[in-house]
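Secondary and tertiary structure notes
Here is how the chains run, residue by residue.
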Amino acid sequence: MKRSLSILLALLGFLMHAQTVKVKRGVVTLEGIHVAKVSGKSNVYTFMDLKETPMYTVEFVDKSIVDSVRDSYIRLNRVYNQDKILDLDYISPSAFSGEEKSAAYTCVKALKIIDERGINIKNLDELFKNNPKRKLDTKTKDAYTTRTRIDRLNITVNTVGEILSNGVPVGYFTNLPVSFGSDDTVTDKSFVDIEIYDARSKYIGKYITTTKQIKSAGGKTFTLYRELSGRASLLKFPTYKAIAERMAIMDPNFIKVQEKVQVGEVVKDGVEK
């Protein structure tokens with residue numbers, strides 16, 4: 001009984017402590033004391049002292065890294081010294097907290113740049129001096145690794161369905177719709193699969209428009225762009241570039257070596273160093 005009571009009191013104490021940071025009508029209060037002011041425009045929040053002198057901004061960033069993996073974080077920027085911008089993790093007092101409340105809560109609880117005396121300039125400057133690293137989970141780290149590799153390949157699709165990597169032809173699409181445009185999304189459902197071949201006309205894989213699946217010649221299958229709910233909703237239909245990028249992930253040999261003709265010679269350029 002005593003143990004249960006202790007746990008209950010600890011939980012109540014935690015909840016009371018978690019509710020000490022409040023934002024109402026642009027005023028940040030800590031334990032009921034006014035300590036700062038904040039104004040928001042779109043997803044950027046400017047924090048000011050009580051005299052309304054701007055000190056720093058907090059911008060919320062939410063982006064797709066690759067496929068359905070997204071990354072959400074804040075971008076911290078000082079108003080008086082903008083030589084550096086920090087990308088940082090943020091915390092929220094609850095799952096239902098808005099961006100303004102989450103920004104203030106993070107500044108107090110995690111970053112310690114707002115305290116009972118107001119905006120702590122010393123701690124703010126120390127934060128930029130130390131440049132803390134973000135804590136990414138394994139899934140997000142792997143997604144960034146994949147994204148880096150894709151960006152290095154610099155894949156594009158030209159107006160005739162040819163796939164290029166860093167400007168060099170590496171493959172092409174077949175069975176393209178009459179309305180094909182290189183920047184278009186694949187919206188037409190067809191019983192004829194859109195196929196991909198490399199620069200030597202070797203079959204690499206196909207995209208099935210009816211199921212939104214891409215299948216490699218090696219038997220791997222991946223469903224592109226599943227629709228998600230809320231803020232993380234993604235495009236329902238992929239672009240031709242997205243299909244080529246996914247195929248490059250599924251089949252590392254697809255765009256492993258580029259070949260280009262120079263003065264009658266075939267010169268091999270390794271993409272993956």
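Figured I'd write up the structure that's included with this text.

Parameters and conventions
- Residues numbered from 1 in each chain as written.
- Predicted model: local features only at pLDDT ≥ 70, side-chain atom pairs only at ≥ 80, totals over all residues.
- Heavy atoms only, no water.
- Helix = DSSP H or I, 4+ residues; strand = E, 2+ residues; numbered from the N terminus.
- Buried < 20%, exposed > 50% of the residue type's maximum accessible area, 1.4 Å probe, protein only.
- Contact = heavy atoms within 4.5 Å.
- Areas by Shrake-Rupley, 256 points an atom, 1.4 Å probe, with all protein chains shown as cover.
- Pairing = 2+ DSSP bridges.
- Axes fitted to C-alpha atoms, helices over the stretch in contact; angles between N-to-C directions.
- Phe/Tyr/Trp six-rings, centres within 6.5 Å; stacked < 30°, edge-to-face > 60°.
- Lys NZ or Arg CZ within 6 Å of the ring centre and 35° of its normal.
- Arc of directions from axis to C-beta.
- Core = buried A, V, L, I, M, F, W, Y, C linked by side-chain atoms within 4.5 Å.

Some words on the overall build of the chain
- Check the secondary structure of the chain and you find five helices and 18 strands.
- Taken over 273 residues, the chain has a buried fraction of 37%.
- Considering only contacts in the chain between residues 6 or more positions apart, those separated by 24 or more positions represent 44%.
- Total accessible area computed for the chain in this model is approximately 16,400 Å², and 52% of it derives from carbon and sulfur atoms.

Quick look at the sheet that holds strand 12 (residues 168–174)
- Taken together, seven strands build an open sheet; the order of strands is 10-11-12-13-14-15-16 and the sheet is antiparallel. Every interior strand has two partners, whereas the edge strands, strand 10 (155–157) and strand 16 (221–223), have only one. Taken pair by pair, the neighbouring strands of this sheet meet at an average axis angle of 20 degrees, ignoring direction.
- Helix-sheet contacts for helix 5 (residues 240–250) involve strand 10, strand 11 (162–165), strand 12, strand 13 (194–198), strand 14 (203–208), strand 15 (213–216) and strand 16, and the interaxial angle to strand 15 is about 40 degrees.

Quick notes on the sheet that holds strand 7 (residues 85–88)
- Strand order in the open sheet made by the seven strands is 1-2-3-4-5-6-7, with antiparallel pairing throughout. Sheet topology places strand 1 (21–24) and strand 7 at the edges, where each strand pairs with a single neighbour. Neighbour to neighbour, the strand axes of the sheet diverge by 30 degrees on average, direction disregarded.
- Bridge count for strand 6 (residues 69–78) against strand 7 is four bridges, and the pairing is antiparallel.

Topic: the packing of aromatic side chains
- All told, the structure shown has seven aromatic pairs when counted by the stated rule.
- Seen in terms of ring centroids, Tyr172 and Tyr197 are 5.6 Å apart; in terms of plane orientation they differ by 15 degrees. Their pairing is stacked. Of this pair, Tyr172 sits in strand 12 while Tyr197 sits in strand 13, and the two are 25 residues apart along the sequence.
- Each member of the aromatic cluster is reached from another via a ring pair, and the members are Tyr45, Phe60 and Tyr90.
- The ring of Phe128 has Arg78 sitting right over it, with the charged end atom 4.0 Å from the ring centre.
- For Arg246, the ring lying beneath its charged end belongs to Phe222, and the centroid distance is 3.8 Å.

Considering the pairing of strand 3 (residues 33–41)
- Pairing analysis gives four bridges linking strand 2 (residues 27–30) to strand 3, with the strands arranged antiparallel. By the bridge assignment, Val28 is partnered in strand 3 with Ala36.
- Counted between consecutive antiparallel strands, the loop separating strand 2 from strand 3 contains two residues, among which Glu31 sits at a positive phi close to 55 degrees.
- Where strand 3 and strand 4 (residues 44–48) come together, five bridges link them in antiparallel fashion. Residue pairing for strand 4: Val38 is matched across the bridge by Phe47.
- Here strand 3 folds back onto strand 4, and the loop between the two strands holds two residues, one of which, Ser42, carries a positive phi near 60 degrees.

A closer look at helix 3 (residues 121–130)
- Among all positions of helix 3, only Leu124, Leu127 and Phe128 are buried. Seen end-on, helix 3 carries its buried residues on one side only, within an arc spanning 95 degrees. Summarising the geometry of helix 3, the exposed residues directed more than 90 degrees from the buried face are Lys122, Lys129 and Asn130.
- Residues of helix 3 that are buried sit in contact with strand 5 (54–66), strand 6 and strand 7.
- Where helix 3 ends, the next residue or the one after it, Asn131, has phi of about 50 degrees, a positive value.

What to know about the nonpolar core
- Val28, Phe47, Tyr56, Val58, Leu76, Ile113 and Ile114 are the most contacted members of the largest nonpolar core, which totals 29 residues.
- In contact with Ile113, not counting residues within four places along its chain, are Tyr56, Leu76, Cys107, Gly118, Ile119, Asn120, Asn123, Leu124 and Leu127.
- Ile163, Val186, Ile194 and Phe254 belong to the second-largest nonpolar core, a separate cluster that totals 22 residues.

Some thoughts on the side chain of Asn77
- Relative to the assigned elements, Asn77 resides in strand 6.
- When residues no more than four places from it in sequence are discounted, the contact partners of Asn77 are Tyr56, Thr57, Gln82, Lys84, Ile85 and Phe128.

A short note on the side chain of Thr20
- In this fold, Thr20 is placed in the loop between helix 1 (2–18) and strand 1.
- Residue classification places Thr20 among the buried positions, given a relative accessible area of 10%.
- Among all residues touching Thr20, those that are not within four sequence positions of it are Thr29, Leu30, Glu31 and Lys109.

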